Amino acid sequence: EGHIGTALLELLEGVEYQLLPTDIHEVDITKIDEVTQFVYVNRPDVIINCAGLTDVRACEEKPEEAYKINAIGARNLAVAARCIDAKLIQISTDDVFGGDDDAALCEFDDAHPTTMYGKSKYAGEKLVRELTDKHVIVRSSWLYGVGSYDFVDRVLDHAKKDGQVVLPEDEISSPTSADALAGFIECLMHTREFGLYHASCDGSCSRAEWAREILRLNGMDHIPVISAAENTELRPRFTLLDNMMLRITGLYQMPDWKTALADYFSTKKGGAHK
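Residues numbered from 1 in each chain as written. Predicted model: local features only at pLDDT ≥ 70, side-chain atom pairs only at ≥ 80, totals over all residues. Heavy atoms only, no water.

### Some details on the pattern of salt bridges
Next up, step 1: Going through the model one piece at a time under the given rule, you end up with nine salt bridges.
Next up, step 2: Linking Glu125 and Arg129 is a salt bridge whose minimum nitrogen-to-oxygen distance equals 3.2 Å. Of this pair, Glu125 and Arg129 both sit in helix H5 (residues 116-131), separated by four residues, roughly a single helical turn.
Next up, step 3: Within the structure, one salt-bridge network assembled from shared partners comprises Glu125, Arg129 and Arg139. (Salt bridge = Lys/Arg side-chain N within 4 Å of Asp/Glu carboxyl O. Helix = DSSP H or I, 4+ residues; strand = E, 2+ residues; numbered from the N terminus.)

Written as structure tokens, this is what we have:
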């Protein structure tokens, strides 16, 4: 019921797929018995793990819960996928990098997470690699879109309520729409590609620059975006992803982040998204 799951359901509904959507009420991925039973009964060809504890502060406050969901949950799905020879697509994050670099990071750069969120997601990646061969790990960054309240919603709410938005200028990555990432995931479902892929929208910006573009597209250019004195969000400073594997394989082209953001608002205003 989050960003990627909702976007995938909208994209794949009515196509040639038999979809088996689940959230925690149907299958709790932290419980191996629930995962195993569901997988053995339904025997999916592809399992897409969109689940995760993504609240950075919550991960810091409850590290065991972070590892339980982001690592053990991924382990359970990997074991189940291997048992029925299914392809597992594991969604991961740019937060597996520590933020100390000043150049875009590709799939061959070493991960060194510094936040509990990044550490738990990276642990999930390692367990998936160890436990099933037929996997694709997809790292993306700054996800937004359908499905749940996010940064885009917060910017608009603060602008309307406070008449200004305060954000750091030194936190750099690439905003990625759930719709754009869902398109790549659908592409992966049809291929025999395995391994690790970075899949963020092209280009880069700071959180403050992203907010300015959000306001501009909503006719709110007059509302100031003020630079925060420091990054207080616990996020790494620089986690821009280089989609090198996409270029090497020629598999898919992610859109520019500004184009994807404009498309999101165009579709949303058109009534397709709730």
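More follows now that the structure is in view.
### Some words on unusual backbone geometry
Next up, step 1: Of note in this structure, Asp85 is not a glycine but carries a positive phi near 60°.
Next up, step 2: Examined against the element boundaries, Asp85 turns out to sit in the loop between helix H4 (63-84) and strand S2 (87-93).
Next up, step 3: The residue Trp142 is not glycine, and still its phi comes out positive at about 45°.
Next up, step 4: With respect to the secondary-structure elements, Trp142 resides in the loop between strand S3 (135-140) and strand S4 (143-144).

### Regarding H5
Next up, step 1: The terminal C-alpha atoms of H5 lie 22 Å apart, and with 16 residues this matches the ideal 22 Å at 1.5 Å per residue to within 8%.
Next up, step 2: Every buried residue belonging to H5 is among Met116, Tyr117, Gly118, Ser120, Lys121, Ala123, Gly124, Glu125 and Val128, and all of these are buried.
Next up, step 3: Elements that come into contact with the buried residues of H5 comprise helix H3 (56-61), H4, S2 and S3. (Expected span 1.5 Å × (residues − 1). Buried < 20%, exposed > 50% of the residue type's maximum accessible area, 1.4 Å probe, protein only. Contact = heavy atoms within 4.5 Å.)

### Quick notes on the environment of Gly118
Next up, step 1: When you line up the elements, Gly118 lands in helix H5.
Next up, step 2: Each C-alpha atom of the pair Gly118 and Val146 lies 23 Å from the other, and the pair is 28 residues apart in sequence.
Next up, step 3: In this structure, Gly118 is in contact with Asp95, Val96 and Pro113, ignoring residues within four places of it in sequence.

### A closer look at the environment of Asp45
Next up, step 1: With respect to the helices, strands and loops of the structure, Asp45 is situated in the loop between helix H2 (32-42) and strand S1 (46-49).
Next up, step 2: Taking relative accessible area as the criterion, Asp45 reaches 67% and is therefore assigned exposed.
Next up, step 3: Apart from the residues lying within four places of it in its own chain, the contact partners of Asp45 are Ala86 and Lys87.

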